[in-house]
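Topology and contacts: notes
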Amino acid sequence: MSSRRKFFTMTIICAFSLTCMIFLKSFNKKNSSFSAKFRLQCVSKRKVGFLKIHKCASSTIQNIFLRHAYLNNINVAVPPEEYNNYLGNPHHFEAKLLKNSPGHYGGFEMFLLHTRWDHQEVSKVLGPNTFYVTILRHPVDLFESLFAYGHLDKFYGGSLVEFIEHLERNNITDVQRMRLNGRYGWNQISWDFGLMPRDFARPKKIKDFIRSVEENFHLVMIAEQIEKSLVILKNSLCWSIEDVTSLKLNERKAGNKEALSKRQRETLEKWLSADMMIYKYFLRRFEEKVSEFDSVYLDQEVEKLKKANELVQRNCVLGLNKHDEISNLKSRPYSDEVIVVRVSENIRCRLYGLKENVFIDELKVLQRQRDFRFYHNLTTE
């Protein structure tokens, strides 16, 4: 073989080897470098608007945001009255409800409580550059959970199975407008989003409404895929895995779930048609968003999150209590159908298990202190 030919052959081999090395290095580092690169390209977001929809794992998500606010001196929009965790529901939210709320001097950066959503009014409170997010759950599973949680058997006058039989036999208009406390009932997702009940059975209005939701919300998470949802949320906010760790809150007692037949589920799906349209659309959009991620990276992040949650469970949880075992009435859950997680009094552990109303009252104290300092600084300048 001539020296020129040898040189040419060696050049080809080296080039091929170098290409392989670069490819393998890129492949091995692609997923591990994604988080680091992502963190370099963005700044952790403070301003969040979270629509807390009933019975969609929303208390767990809310606790993530409340902890972040507490630990980072972020003002949360809270009602001025004591022991209240609603802003506007059953009426649509209005910004004027927060006129004298703790934190209003410095301004609010997070909106996290139950409400009937009005995006324009919430935007008045939070201002520009806010990340808007919510979480959905299959409407049939949501309603089954809501039925047990709110003791709707007493409200509707029969068990869930009897209620479904009623839907199958009779005109459904007699129960459509019945809402427990004016808040809980037919098409809960649509109601919490702010859709008017007169539009619940009007597909075109619902489609138009879905478009407005998609325009206003940066992320609609799915409760059935909560780990993937939280990884995507974490990346969207430029937060860490630890920032989105959680314990399951307001979880029902074991064995209290109603097993519904296919026919019964189909009956409820028909009755909850507005919620089904919204859920199906955003489930599809969520799956499209998931497909945009490298599957290996996403799986690795989900595993990291699961392990981080297991660590929180081991380090913080002391046991579980039933509703009537909680002596402090403020710490008791709204429903006697749920169990209470008892956690260590270590400050970080304590926040994981803090009941929403108690958490809100503690934030009010901190935000009043910040209001005082803000006002004092203004008057002394």
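So, here is what we can say about the structure in this document. Computed from a predicted model, the values in this text were never measured in an experiment. Counting from 1, residues in each chain are numbered in the order their sequence is written. For a predicted model such as this one, the threshold for reporting local features is a pLDDT of at least 70, and the threshold for listing and counting side-chain atom pairs is 80 or more; totals across whole chains, interfaces and linings nevertheless cover every residue. Calculation of side-chain values draws on the structure's entire complement of heavy atoms; hydrogens and water are dropped beforehand.

**Notes on the nonpolar core**
Heads up, the rule is: What is meant by a nonpolar core is a set of buried Ala, Val, Leu, Ile, Met, Phe, Trp, Tyr and Cys residues, joined one to another through side-chain atoms within 4.5 Å. When a residue's accessible area, from a 1.4 Å probe over protein chains only, is under 20% of the maximum for its type it is buried; when over 50% it is exposed; and in between it is partly exposed. Each helix is a run of DSSP H or I of at least 4 residues and each strand a run of E of at least 2, with the numbering of both proceeding from the N terminus. Contacts are assigned to residue pairs that have any heavy atoms within 4.5 Å of one another.
Counting residues in each nonpolar core, the largest one holds 92 residues, and the members touching the most others are F65, L136, F143 and F193. Here the element with the most residues in this core is helix α12 (residues 273-291); it accounts for 7 residues. F65 has contacts with V48, F50, M110, L112, V133, L233, L237 and W239, leaving out every residue within four places of it along the chain. Judged by nonpolar contacts, the second largest core, of 8 residues, contains V312, V317, V343 and Y352.

**A few points about the state of the cysteines**
Applicable threshold: Here, a disulfide means two cysteine sulfur atoms that sit within 2.5 Å of each other.
The full count for this structure, using the stated rule, is 2 disulfides. Paired by a disulfide, C42 and C238 hold their sulfur atoms 1.8 Å apart. Residues C42 and C238 are joined by a disulfide whose S-S torsion is about -135°; by sign, that bridge is left-handed. In this pair, C42 sits in the loop between α1 (3-41) and β1 (48-51) while C238 sits in the loop between α10 (226-237) and α11 (262-271), placing the two residues 196 residues apart along the sequence.

**Here we look at the pattern of salt bridges**
To keep things clear, this is the line we draw: Here, a salt bridge means any side-chain nitrogen of Lys or Arg that lies within 4 Å of a carboxyl oxygen of Asp or Glu.
Per the counting criterion, the structure on display carries 16 salt bridges. One salt bridge in this structure joins R202 and D199, with 2.9 Å as the shortest N-O distance. Owing to a relative accessible area of 39%, R202 belongs among the partly exposed residues under this scheme. A network of salt bridges, in which partner residues are shared, links K204, D208 and R211.

**Here's the deal with the packing of aromatic side chains**
This is how it is decided: Here a pair means two rings of Phe, Tyr or Trp (six-membered ring of Trp) with centres within 6.5 Å. Their orientation is stacked below 30 degrees between planes, edge-to-face above 60, and tilted elsewhere.
Evaluated as defined, the whole model comprises 22 aromatic pairs. Aromatic pair F147 and Y156: ring centres 6.2 Å apart, planes at 25°, arrangement stacked. Like F147, the residue Y156 is buried in the burial classification. Ring centres of W186 and F200 lie 5.0 Å apart, and the angle between their planes is 75°; on these two criteria the pair is classed as edge-to-face. You can see W186 sitting in the loop between α7 (173-176) and α8 (188-193) and its partner F200 sitting in the loop between α8 and α9 (203-216), a full 14 residues away along the chain. In this pair, the class of W186 matches that of F200, namely buried.

Purely spatial values, then, with no claim about function.
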